[in-house]
Amino acid sequence: MTRTSTIISVAAAFAVALAVNVAIAGPGHGDQHGSGFAGGRPGDPAEVDRTVRITAGDTYFDRQSIEIRAGETVRFVVTNKGELEHDFTLGTPKVQKAHRAEMARRMSDGGAEAHADPNAVMIDPGETASVIWTFERTERFLFACNVPGHFEAGMQGEIDIRPVPSAGA
Ligand SMILES: [Cu+2]
């Protein structure tokens, strides 16, 4: 790739990221838990690089950690084999904590409504749901179930976001 085309593609990627951020910040998506989307952004279904399958049970995920490469767009397909409803949320510890508080509040209000957040999905018993995410490096990134008590019971795991290998490596 020539130096000029590299600059152009970096600029194009930045423009896309900017457009996505503007779209997310629009009406109806005001609640970004005060921390934006550190660690990436909602992924484009047409650009999925890899599918990662996860099973949720009462109360566990069948994986404790997942390795991802920065820049990868991953479709997480989560099947709930338990008898309880489970959540699958992608985010930094701060995002997870805010989501837990939000979910506890909703449940005490008489039941969880469906998620509107692009980084999270609720899965009914016996159902399968997916979340698509494009990763960027960040200090810590987790997948977790934020149904009250489940995170604490161990429904959480680390997503290890590796740097993109340098050219020629
Ligand atoms: Cu759960």
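Remember, predicted model here, so these are calculated numbers, not experimental data.

**Regarding the sheet that holds strand E10 (residues 156-162)**
Reading across the sheet, the 5 strands line up as E4-E10-E9-E6-E7 and stay open at both edges, with mixed pairing between neighbours. The open sheet has two edge strands with one neighbour each: strand E4 (65-69) and strand E7 (120-123). Looking at each pair of strands side by side, their axes are set apart by 20 degrees on average, direction ignored. Inspection of the sheet shows E4 paired to E10 by 5 bridges, in the parallel sense.

**Looking at the packing of aromatic side chains**
Inspection of the entire model under this criterion finds 8 aromatic pairs. Measuring from centroid to centroid gives 5.5 Å for Phe-76 and Phe-88, while their planes differ by 40 degrees, and the two rings are tilted. Of this pair, Phe-76 sits in strand E5 (residues 73-80) while Phe-88 sits in strand E6 (residues 86-91), and the two are 12 residues apart along the sequence. The same class applies to Phe-76 as to Phe-88, namely buried. Judged by centre distance (6.3 Å) and plane angle (35 degrees), the rings of Trp-133 and Phe-141 are tilted. Linked through ring pairs, Phe-37, Phe-61, Phe-76, Phe-88, Trp-133, Phe-135, Phe-141 and Phe-143 together constitute an aromatic cluster.

The rules behind each value
- Residues numbered from 1 in each chain as written.
- Predicted model: local features only at pLDDT ≥ 70, side-chain atom pairs only at ≥ 80, totals over all residues.
- Heavy atoms only, no water.
- Pairing = 2+ DSSP bridges.
- Helix = DSSP H or I, 4+ residues; strand = E, 2+ residues; numbered from the N terminus.
- Axes fitted to C-alpha atoms, helices over the stretch in contact; angles between N-to-C directions.
- Phe/Tyr/Trp six-rings, centres within 6.5 Å; stacked < 30°, edge-to-face > 60°.
- Buried < 20%, exposed > 50% of the residue type's maximum accessible area, 1.4 Å probe, protein only.

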